[in-house]
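Notes for the structure review
Chain residues, written in single-letter form:
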Amino acid sequence: MSATDMATIAPAAEARYRDSVDERIPRGWRVIAGKELADLLTSARSLVLLVVLGLAGAGILVSVSSTIRDVASQASGSQGVFLALFTLNPNTSLTTAQLPSMVALVGFIGPLLGIALGFDSINGERSEGTLSRLVSQPIYRDDVINGKFVARLAVIAILLGFVVLMVCGVGIWRIGVVPDTDDVLRIGTWYLLTVVYVGFWLSVATLASVFFRRAATAALVVLAFWLVLTFFGSMIADLLAGYLAPSGELAWYGWRQGIDQLVPQTLYFDIVTAIMDPAVRTLDVVGSAMLQLDQRALPTLLPFGQSALVAWGQITMLAAGTIVAFALAYVAFMRQEIRA
Amino acid sequence: MPPAEVIIRTAALEKRYGTKHAVRRLDLEVRRGEVFGLLGPNGAGKTTTILMLLGLAEPSGGSARVLGLDPAREPLRVKRRVGYLPDNVGFYGSLTARENLRYTCRLNGIEGPVAEEGIERWLTRVGLADVADDRVDSFSRGMRQRLGLADALVKEPAILILDEPTASIDPVGVREILDLVDELSRDDGVTVLLASHLLDQVQRVCDRIAIFVAGEVVAMGALAELAAGNDHGVTVSFEVGVDGDGAIIEAVLGSVPGVSSIGTVAADQHIWWVSGSSGLAEPLLRSLLDAGLVPWLIKDRGMNLDDIYRGYFESAATEAGREPLTSLAQVTS
């Protein structure tokens, strides 16, 4: 097509109109994220998640705060009482049931939160017939997946933030301890890393929602993946390590831990252990065994910065895992035909 | 009339999926202000062509210009100016009609009172003003389709692309949509590209037509040109209602000079289709009356696109070495 042809097609008036219109084309992902966020926050799904998280959190909080006074004296020697609100296993006379600690609860429910928000993000749009309409608007295709991801991550951050603030608030009120700077840093870091961890599961669910046309299939597949990793991840690590080194030897422990940390759940809980417990001085199984044997190593509490260093490798891996999972979903979506 | 400005132009546009050609060497010219029909059976490459014009699919070869822009390079600018009503359009069921359109406006950078005014105006135009604040969940198929039209129009596009806009809609809904297309082209000066496999509808609203068969355009032009260029020479057809022995009626109808094809409507032996050269009506009626058959219906079907379409389709299929499809039902179903 020649330049003269182009000129006849676009006369001056048209060109002016064109430029005035172009200036107004917004950043697509922001509009999409805004709409998705509004939808999600008013949806029944978010309400259910909020109620589940809130009730579970409240239940544990009540048990913890009823026992925290008993352990406050012994806890004060090893770690901050305020952190105990999050890490203490409630052991109460109210019930004989074994309740998880707050961090364990959040670590368990977090993946479900990510899956619940992500499993229908793309295929839902497709089955409703809105995807083709959406991409025919002046946006880039990746605006769709980016906007949706950002909105869902924001919902996750809001829900988790609600739980954390609830625990902190009730903690201050019930046990009358105010968190110091170190506590705030630890809880803040734990919160951010939890959002990243849930973001991993959100990415996996989004990937499934790109691949599977039916939302139910996507949900089941991701849940199965999560279940297998949760219950059999460590077992698989044991077996694989057995091929690489004789079982029970020092090398075997090293391999086992290395492989086990490829499981996101293990990785996350290792990080939580280091961040939320100042007494943890290394995450390396072999190293910690040496520390215990070494009579000269006095039990001391690490400052926050040192705790973060202890888990730095794991934190990097977790962030990388989330980024890779999202990148996979992104690429899969970009390569997919828009037509159903 | 001076030749109108070309607003969509493709040159040797191609799309391959693996070794299969979805669209083959497509040369298309759509002029400003006209209603252009893409006619062809499902899977003939109509939607693929549209997706390439919108920059939603990348051409394997050739080039496309929409409003002078290359959709593959400047998809946003193209999509800002082109309204698209996809096949099987869907909406967010939990939002109202107005909220759905407001979202589209925001994506197009139209905000505030300008957006609200546009939404109200287009909802009124498509006849949905009364239900503007109802959830789309409760809408019928026809209402959704009309909302889809409003949705494509709220960005005030220069070009409107409709993909099977009348699929699975009742006849009243079809008429409403086609009337609106007519109106948009006539009063608002919108250029319309309409893809459909339904001949009579394309025939009703389109100024010019391109007939697609297996990824190729086998014919392009105004309806009259297509009819003239068709070696079958079919120009008119009638619907004839007459009772009596089927074999006798067939023989009588077949003997009328100028008749080229006869058929019945489905299993009903009382309504016959007769196609042939123009000036058929009088000898047709005379022959029937001479044979003692009194027709209770003679309806002029006008220039018959069915035959044109079938003619092109059969010749294309024969060329490709395939068995020609004898029934139009097979083609369009």
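These numbers come from a predicted model, not from an experiment.

1. A few points about the overall build of chain B
Counting its secondary structure elements, chain B contains 12 helices and 13 strands. Taken over 333 residues, chain B has a buried fraction of 54%. Partitioning the contacts of chain B with sequence separation of at least 6, the portion at a separation of at least 24 is 68%. About 13,700 Å² of surface is accessible on chain B, with carbon and sulfur atoms providing 51% of the total.

2. Points about the overall build of chain A
Per the secondary structure count, chain A includes 16 helices and 0 strands. Looking at chain A as a whole, 47% of its 340 residues qualify as buried. Across chain A, the fraction of contacts at a sequence separation of at least 24, relative to all contacts at a separation of at least 6, is 78%.

3. What about unusual backbone geometry?
In terms of backbone geometry, most residues other than glycine have negative phi values and most peptide bonds are trans. Residues and elements named next belong to chain B. The phi dihedral of leucine 67 falls on the positive side, at around 55°, and the residue is not glycine. Judged by relative accessible area, leucine 67 falls into the buried class, the value being 2%. Residue alanine 214 is not a glycine yet carries a positive backbone phi of 45°. Looking at the secondary structure, you find alanine 214 in the loop between β8 (208-213) and β9 (216-222).

4. Let's talk about the sheet that holds strand β5 (residues 82-85) of chain B
Residues and elements named next belong to chain B. Here 6 strands make up an open sheet; going across it, the order is β5-β6-β7-β3-β8-β9 and the pairing mixed. Both outer strands of the open sheet, β5 and β9, are each paired with one neighbouring strand and no more. Across the sheet, the mean angle from the axis of one strand to that of its neighbour is 15°, orientation sign disregarded. Pairing between strand β3 (residues 35-39) and strand β7 (residues 191-196): 5 bridges, direction parallel. Paired with leucine 39 across the two strands is serine 196, which belongs to β7. Contacts from helix α1 (residues 46-53) reach β3, β5, β6 (159-163), β7 and β8, with the element oriented near 150° to β7. Along the sheet face, helix α5 (residues 141-153) touches β5 and β6 and points at about 165° away from the line of β5.

5. Some points on the pattern of salt bridges
A side chain with one charge can pair with a side chain of the opposite charge if their charged atoms come near. Inspection of the entire model under this criterion finds 31 salt bridges over all chains. The salt bridge involving Lys148(A) is made with Glu125(A); its shortest N-O contact spans 2.7 Å. On the criterion of sequence distance, the pair formed by Lys148(A) in helix α9 (residues 141-175) and Glu125(A) in helix α7 (residues 123-128) is long-range, its members being 23 residues apart. When its relative accessible area of 4% is taken as the criterion, Lys148(A) is described as buried. The partner of Glu216(B) in a salt bridge is Arg24(B), and the shortest N-O contact between them spans 3.7 Å. Linking Glu216(B) in strand β9 with Arg24(B) in strand β2 (residues 20-31), this pair joins segments that are 192 residues apart in sequence. A residue is classified by how much of its surface remains accessible, and Arg24(B), at 33% relative accessible area, is partly exposed. What emerges from the salt-bridge pattern is a single network uniting Lys35(A), Glu36(A), Asp39(A), Glu125(A), Lys148(A) and Arg152(A).

6. Considering the nonpolar core
Soluble globular proteins tend to bury their nonpolar side chains together. The biggest cluster of nonpolar side chains holds 115 residues, and the ones touching the most others in it are Phe86(A) and Trp190(A). Here this core gets 14 residues from one element, more than from any other, and that element is helix α10 (residues 181-211) of chain A. Membership of the second largest hydrophobic core comes to 48 residues, among which are Val89(B), Leu147(B), Ile169(B) and Val202(B).

7. A short note on the confidence of the model for chain A
Should pLDDT be low for a region, the predicted coordinates there are not to be read in detail. Per-residue confidence for chain A gives a mean pLDDT of 83; residues scoring 70 or more make up 86%. The low-confidence segment residues 1-10 of chain A, where pLDDT is below 50, has 15 contacts with residues more than four positions distant or belonging to other chains.

8. With respect to the packing of α5(B) against helix α6 (residues 171-187) of chain B
Residues and elements named next belong to chain B. Packing of α5 against α6 brings their axes to within 10 Å, and their N-to-C directions diverge by 20°. What the angle tells us is that α5 and α6 run roughly parallel. As for how α5 packs across α6, the hand of that crossing is right-handed. Within the contact between the two elements, α5 uses Gln145, Arg146, Leu149 and Leu153 and α6 uses Glu176, Ile177, Leu180 and Leu184. Tallied by class, the residues present in the contact of α5 with α6 amount to 5 nonpolar, 1 polar and 2 charged.

9. Quick word on the packing of aromatic side chains
To describe a pair of aromatic rings, one takes the distance between the centres and the angle between the planes. Taken as a whole, this structure holds 10 aromatic pairs over all chains when the rule is applied. Summarising the aromatic geometry, the rings of Phe200(A) and Trp201(A) are spaced 5.3 Å apart at their centres and angled 85° between planes, so their arrangement reads as edge-to-face. Comparing Phe200(A) with Trp201(A) shows no difference in burial state: the two are buried. Taken together, Phe149(A), Phe326(A) and Tyr330(A) form an aromatic cluster joined through their ring pairs. The side chain of Lys35(A) reaches across the aromatic face of Tyr92(B), ending 3.3 Å from its centre.

10. Some details on the environment of Ile275(A)
In this fold, Ile275(A) is placed in helix α13 (residues 264-276). Once you skip the residues sitting within four places of it in the chain, Ile275(A) turns out to touch Arg186(A), Thr189(A), Trp190(A), Leu193(A), Phe304(A), Ser307(A), Ala308(A) and Ile315(A).

11. Description of the interface of chain B and chain A
Tallying the contact residues gives 38 residues for chain B and 36 residues for chain A. Around 3,600 Å² of area is buried between chain B and chain A when both sides are counted, 54% of it from carbon and sulfur atoms. Its largest share of buried area at the contact with chain A, chain B owes to Leu76(B), Tyr92(B) and Leu107(B), together 19% of the area lost on that side. With a closest N to O distance of 2.9 Å, Asp151(B) and Arg133(A) form a salt bridge. Linking chain B to chain A there are 12 residue pairs in polar contact (both at pLDDT 80 or more). Elements that contribute at least two residues to the side of chain B that touches chain A include exactly β1 (6-17), α1, α2 (75-81) and α3 (97-107) of chain B. Residue composition of the side of chain B that touches chain A, by class: 16 nonpolar, 10 polar and 12 charged.

12. Structural notes on the side chain of Arg80(B)
All names here are of chain B. Relative to the assigned elements, arginine 80 resides in helix α2. What makes arginine 80 buried here is its relative accessible area of 2%. In this structure the side chain of arginine 80 is engaged in a polar contact, spanning 3.1 Å, whose partner is the backbone oxygen of asparagine 108.

13. Focus: the environment of Ile177(B)
Residues and elements named next belong to chain B. Looking at the secondary structure, you find isoleucine 177 in helix α6. C-alpha separation for the pair isoleucine 177 and threonine 166, spaced 11 residues apart in sequence, amounts to 7.4 Å. Apart from the residues within four sequence positions on either side, isoleucine 177 is in contact with Gln145, Arg146, Leu149, Pro165, Thr166 and Ile169.

Rules behind the numbers
Residues numbered from 1 in each chain as written. Chains lettered and ligands numbered in written order. Predicted model: local features only at pLDDT ≥ 70, side-chain atom pairs only at ≥ 80, totals over all residues. Heavy atoms only, no water. Helix = DSSP H or I, 4+ residues; strand = E, 2+ residues; numbered from the N terminus. Buried < 20%, exposed > 50% of the residue type's maximum accessible area, 1.4 Å probe, protein only. Contact = heavy atoms within 4.5 Å. Areas by Shrake-Rupley, 256 points an atom, 1.4 Å probe, with all protein chains shown as cover. Pairing = 2+ DSSP bridges. Axes fitted to C-alpha atoms, helices over the stretch in contact; angles between N-to-C directions. Salt bridge = Lys/Arg side-chain N within 4 Å of Asp/Glu carboxyl O. Core = buried A, V, L, I, M, F, W, Y, C linked by side-chain atoms within 4.5 Å. pLDDT = per-residue confidence, 0-100. Parallel < 35°, antiparallel > 145°, perpendicular 65-115°, else oblique. Left-handed = near helix turned anticlockwise from the far one by under 90°. Nonpolar A, V, L, I, M, F, W, Y, C, P; charged D, E, K, R; others polar. Phe/Tyr/Trp six-rings, centres within 6.5 Å; stacked < 30°, edge-to-face > 60°. Lys NZ or Arg CZ within 6 Å of the ring centre and 35° of its normal. Buried area = accessible area lost by both parts, 1.4 Å probe. Polar contact = N/O pair within 3.5 Å; in protein donor to acceptor, adjacent residues only side chain to side chain.

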